[in-house]
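Below are the chains, spelled out letter by letter.
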Amino acid sequence: MSRKRIGIAATLASLAGSVIGAVIMCFVKAHICNDTDARIVWTGLFFVAVFVCGYIGQQLYFLCSRSYRVERHSLWWLSALVCAALLFGIGAGAQALFAQ
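Draft legend 1. Just the overall build of the protein, in detail. Each helix and strand counted, the protein has three helices and zero strands in total. In the protein, the succession of α and β elements from N to C terminus is α-α-α. At 16 Å, the protein has a C-alpha radius of gyration far larger than the 13 Å of a compact globule built from 100 residues. Taken over the C-alpha atoms alone, the protein extends approximately 50 × 25 × 15 Å along its principal axes. Considering only contacts in the protein between residues 6 or more positions apart, those separated by 24 or more positions represent 76%. A total accessible area of about 7100 Å² is found for the protein, and carbon and sulfur atoms account for 70% of it.

Below, the structure written as structure tokens:
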């Protein structure tokens, strides 16, 4: 990315993506979670969905913007995968502690 500050529009795009992901997961989770194990998994997936949808929202903004050009390292997907795994662990772990 060129050396510019990320603007308010990029932040709002990420926030909108996160909210959309959270709303979708809330509707899905409400109909599926019947037992404790399902709640643990879906809570972890909720955290991952908010992260992924926020990332997608920000990347869509960068794609449509003329003032930003995204330059990625060749292993950017590995860091995103590690972040998603950590978020899943945080969400599922917190729900598992709460369920006890």
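Draft legend 2. Structural context of the side chain of S18. With respect to the helices, strands and loops of the structure, S18 is situated in helix 1 (residues 8–32). Judged by relative accessible area, which is 17%, S18 ranks as buried. Not counting residues up to four positions away in its chain, the partners in contact with S18 are V50, C53 and G54.

Draft legend 3. Quick look at the packing of aromatic side chains. Applying the stated rule across the entire model yields three aromatic pairs. Judged by centre distance (6.3 Å) and plane angle (70°), the ring pair of F46 and F47 falls under edge-to-face. A relative accessible area of 23% places F46 in the partly exposed class. Here the aromatic rings of Y61 and F62 are separated by 5.8 Å at their centres, their planes lie at 55°, and the arrangement is tilted.

Draft legend 4. The arrangement of the side chain of T43 in detail. Its place among the elements puts T43 in helix 2 (residues 36–64). In this structure T43 comes out as buried when scored by relative accessible area, which is 9%. Once residues within four sequence positions are removed from consideration, T43 is found in contact with K29, G91 and Q95.

Draft legend 5. Geometry of the confidence of the model for the protein. With 93% of its residues at a pLDDT of 70 or more, the protein has an overall mean of 84. Here helix 1 stands out as the least confident element of the protein, with mean pLDDT 84; helix 3 (residues 76–99) is the most confident, with 91.

Draft legend 6. Quick peek at the nonpolar core. Of all hydrophobic cores here, the largest spans five residues; its members are M25, C33, A38, W42 and A49. The dominant element in this core, judged by the number of residues it contributes, is helix 2, at three residues. Residues in contact with W42, not counting those within four places in the same chain, are M25, V28, K29, I32 and C33.

Cut-offs applied
Residues numbered from 1 in each chain as written. Predicted model: local features only at pLDDT ≥ 70, side-chain atom pairs only at ≥ 80, totals over all residues. Heavy atoms only, no water. Helix = DSSP H or I, 4+ residues; strand = E, 2+ residues; numbered from the N terminus. Rg over C-alpha atoms; globule rule 2.2 N^0.38 Å. Contact = heavy atoms within 4.5 Å. Areas by Shrake-Rupley, 256 points an atom, 1.4 Å probe, with all protein chains shown as cover. Buried < 20%, exposed > 50% of the residue type's maximum accessible area, 1.4 Å probe, protein only. Phe/Tyr/Trp six-rings, centres within 6.5 Å; stacked < 30°, edge-to-face > 60°. pLDDT = per-residue confidence, 0-100. Core = buried A, V, L, I, M, F, W, Y, C linked by side-chain atoms within 4.5 Å.

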